[in-house]
Amino acid sequence: QVQLVESGGGLVQAGGSLRLSCAASGRTFSNYGMGWFRQAPGKEREFVAAIGWIGSPYYADSVKGRFTISRDNAKNTVYLQMNSLKPEDTAVYYCAAGLGVLGYTSGYDYWGQGTQVTVSS
């Protein structure tokens with residue numbers, strides 16, 4: 001089992017920044033690929049960013065150039081730095097850990113409870 005706890009969400013104006021953190025406990029964190037997904041009201045959960053166990057990141061086109069995912073295996077933590085935020089980034093953001101294909105929800109075995117990000121215009 002892997003337990004994931006997100007933090008760092010909040011309310012920010014358009015153009016602002018937030019950094020989300022996801023602290024993991026349980027099984028060996030460094031073995032897992034880590035991802036961030038988001039879900040806006042009335043919409044399906046969508047992929048935002050992922051980072052493999054060797055640290056290779058990749059992003060959804062909608063956030064490329066604005067968001068940066070990173071991981072600190074010594075601290076069992078993954079981060080999502082979000083810059084130049086837009087109102088359409090408003091959603092609940094979820095952290096996930098998995099061993100599958102990291103661009104899809106099906107690639108993940110463990111999920112956090114989510115943290116709300118609200119971007120005002």
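Below is a summary of the structure that appears in this document. (Residues numbered from 1 in each chain as written. Predicted model: local features only at pLDDT ≥ 70, side-chain atom pairs only at ≥ 80, totals over all residues. Heavy atoms only, no water.)

Most often, soluble globular proteins have nonpolar side chains that are buried together. Membership of the largest hydrophobic core comes to 37 residues, with the highest contact counts inside it found for Leu4, Met34, Trp36, Val78, Leu80, Met82 and Tyr93. Sorting the residues of this core by element identifies strand 1 (2-7), strand 3 (18-26), strand 4 (33-39), strand 5 (46-51), strand 7 (67-72), strand 8 (77-82), strand 9 (91-98) and strand 11 (115-120) as the ones contributing at least two each. If we ignore the near neighbours within four places in the chain, the residues touching Val78 are Leu20, Ser21, Cys22, Phe29, Met34, Trp36, Ile51, Ile69, Ser70, Arg71 and Cys95. (Core = buried A, V, L, I, M, F, W, Y, C linked by side-chain atoms within 4.5 Å. Buried < 20%, exposed > 50% of the residue type's maximum accessible area, 1.4 Å probe, protein only. Helix = DSSP H or I, 4+ residues; strand = E, 2+ residues; numbered from the N terminus. Contact = heavy atoms within 4.5 Å.)

This next bit is on the sheet that holds strand 3. The strand order across the open sheet formed by four strands is 1-3-8-7, and the pairing between neighbours is antiparallel. Looking at the sheet topology across the chains shown, the edges are occupied by strand 1 and strand 7. Here the strands of the sheet are splayed against their neighbours by 15° on average, with no regard to which way each runs. Here strand 1 pairs with strand 3 via six bridges, running antiparallel. Residue pairing across strands places Glu6 opposite Cys22, the latter belonging to strand 3. (Pairing = 2+ DSSP bridges. Axes fitted to C-alpha atoms, helices over the stretch in contact; angles between N-to-C directions.)

A few words on the pairing of strand 5. In terms of residue burial, strand 5 counts as a mostly covered element, since five of its six residues are buried. Of the pairings in the sheet, the one linking strand 4 to strand 5 comprises five bridges and is antiparallel in character. Paired with Arg38 across the two strands is Glu46, which belongs to strand 5. In textbook terms, the turn of a hairpin is the stretch between consecutive antiparallel strands, and for strand 4 and strand 5 this stretch comprises six residues, one of which, Gly42, has a positive phi near 80°. Sheet topology note: the strand 5/strand 6 (residues 57-59) ladder contains three bridges and is antiparallel. Paired with Ala50 across the strands is Tyr58, a residue of strand 6. Linking two consecutive strands that pair antiparallel, namely strand 5 and strand 6, is a turn of five residues; a positive phi of about 95° is found at Gly55 within it.

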